[in-house]
Structure formats: C-alpha cells, structure tokens
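These are the residues of each chain, in order.
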Amino acid sequence: MAWLVGYPRDKVNWHPAINEEKCVKCGMCMNCGRKVYEWIEQKPKVVRPNECVVGCTTCANLCQGSAITFPRLKELRKLYEEHKIWDAVKKDLMEKGAIPSGSGCCGGV
Ligand code: SF4
Ligand code: SF4
C-alpha cells in the first residue's frame with residue numbers, strides 16, 4: 001500500500017493519544033486492525049504508535065468519550081510537502097496501475 005513510499009515511518013509524528021480522564025472504557029479503539037492499542041489494567045493503552053496508519057482517525061471517530069486526539073494535520077501536510085511524499089505516492093500508484101498515468105487533478109481537466 002502506497003502510504004509513505006520509503007519515507008521512514010518513525011519520522012512521521014502521527015499516532016493516537018488518549019485522555020484518560022475522558023476515556024469511558026467503551027473499547028471501540030480496540031477494533032483497530034493495526035493493533036496499535038492493548039487493553040492493560042482495564043483500560044486502553046497506545047502500545048504500537050508507529051503501526052497507526054498515517055492520516056487515519058477512525059478510532060477517534062468511534063471513541064465514545066471523545067478521548068482520542070492526533071497531532072495537527074497542518075504539520076503532517078507540511079512534512080508531506082517538504083519531502084515530496086505526495087509525489088512519491090502518486091508515482092507508486094501509477095506504477096501499480098491503481099491510478100491512470102498522466103492524469104492530473106480532476107482527471108487532467
Ligand atoms: S487512527 Fe486508524 S490505524 Fe491509527 S490507531 Fe486509530 S484506527 Fe488504528
Ligand atoms: S474508544 Fe475512547 S472511550 Fe472507548 S476505550 Fe478507547 S479511548 Fe476509551
């Protein structure tokens with residue numbers, strides 16, 4: 001899957017943080033298929049932060065306590081722009097045939 005295309009994941013600041021005072025222990029965050037969380041001592045813990053898919057916020061959307069937050073998207077966009085990660089992702093997807101080559105925004109219009 002073309003997410004970072006070789007850019008080191010550990011240099012990308014993107015992972016959930018739990019506000020324990022807000023957490024109602026609903027368990028919804030445990031549905032994360034990346035095993036970012038573990039249930040330890042009757043509450044969720046972020047144990048594998050770098051397994052979080054960069055840009056994903058699914059667990060925060062499902063969280064019944066509004067207890068999960070992420071770093072600012074603005075900083076993530078800046079990093080992607082500075083390191084030309086968007087370009088690398090697009091190139092990779094084109095090479096895999098996932099998007100047509102030569103198309104620009106809005107189908108090249
Ligand atoms: S944002 Fe997505 S990948 Fe990251 S921990 Fe939440 S559900 Fe898992
Ligand atoms: S989804 Fe939110 S409220 Fe529910 S257990 Fe996880 S952090 Fe706590």
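Up top is the structure these notes are about.
What counts as what
- Residues numbered from 1 in each chain as written.
- Chains lettered and ligands numbered in written order.
- Predicted model: local features only at pLDDT ≥ 70, side-chain atom pairs only at ≥ 80, totals over all residues.
- Heavy atoms only, no water.
- Pairing = 2+ DSSP bridges.
- Helix = DSSP H or I, 4+ residues; strand = E, 2+ residues; numbered from the N terminus.
- Near = heavy atom within 4 Å.
- 1 Å grid on protein atoms, 1.4 Å probe; cavity = no way out; pocket = protein on both sides within 12 Å on 5 of 7 lines; lining within 4 Å.
- Sits in = over half its atoms within 2 Å of the grid points.
- Nonpolar A, V, L, I, M, F, W, Y, C, P; charged D, E, K, R; others polar.
- Buried < 20%, exposed > 50% of the residue type's maximum accessible area, 1.4 Å probe, protein only.
- Arc of directions from axis to C-beta.
- Contact = heavy atoms within 4.5 Å.
- Salt bridge = Lys/Arg side-chain N within 4 Å of Asp/Glu carboxyl O.

A word on the pairing of strand E3 (residues 43–46). One ladder, built from four bridges, connects strand E2 (residues 37–40) with E3; its direction is antiparallel. What sits directly across from Glu-38, in E3, is Lys-45. Once E2 ends, the chain turns through two residues before running back antiparallel as E3, passing Glu-41 with a positive phi of about 50 degrees.

The subject of this paragraph is the site of ligand 2. Every one of the 13 residues lining ligand 2 counts as a neighbour, but Cys-23, Cys-26, Gly-27, Cys-29 and Cys-63 are closest to it. Here ligand 2 occupies the largest cavity. Residues of the shell around ligand 2, tallied by class, amount to ten nonpolar, two polar and one charged.

Of the positions making up helix H2 (residues 73–82), those classed as buried are Leu-76, Leu-79 and Tyr-80. For H2, the angular spread of buried residues about the axis comes to 100 degrees, placing them on one side. Exposed side of H2, more than 90 degrees from the buried face: Lys-74, Lys-78, Glu-81 and Glu-82 are the residues found there. As for H2, its buried residues are in contact with helix H3 (85–95). Taken from the residues just after H2, Lys-84 is the one with a positive phi, measuring 55 degrees.

The next subject is the pattern of salt bridges. Across all of its chains, the model carries eight salt bridges by this definition. In this structure, the salt-bridge partner of Arg-34 is Glu-51, at a minimum N-O distance of 3.4 Å. Here Arg-34, found in the loop between strand E1 (17–18) and E2, pairs with Glu-51, found in the loop between E3 and helix H1 (58–62); they are 17 residues apart in sequence, far enough to count as distant. Residue Glu-82 pairs with Lys-78 through a salt bridge whose shortest N-O separation is 3.9 Å. With a gap of four residues between them, Glu-82 and Lys-78 both fall in helix H2, about one helical turn apart. By the burial criterion, Glu-82 is exposed, and Lys-78 matches it. Through salt bridges with shared partners, one network takes in Glu-20, Lys-43 and Lys-45.

Honestly, that's just the spatial picture; any functional story needs more than this.
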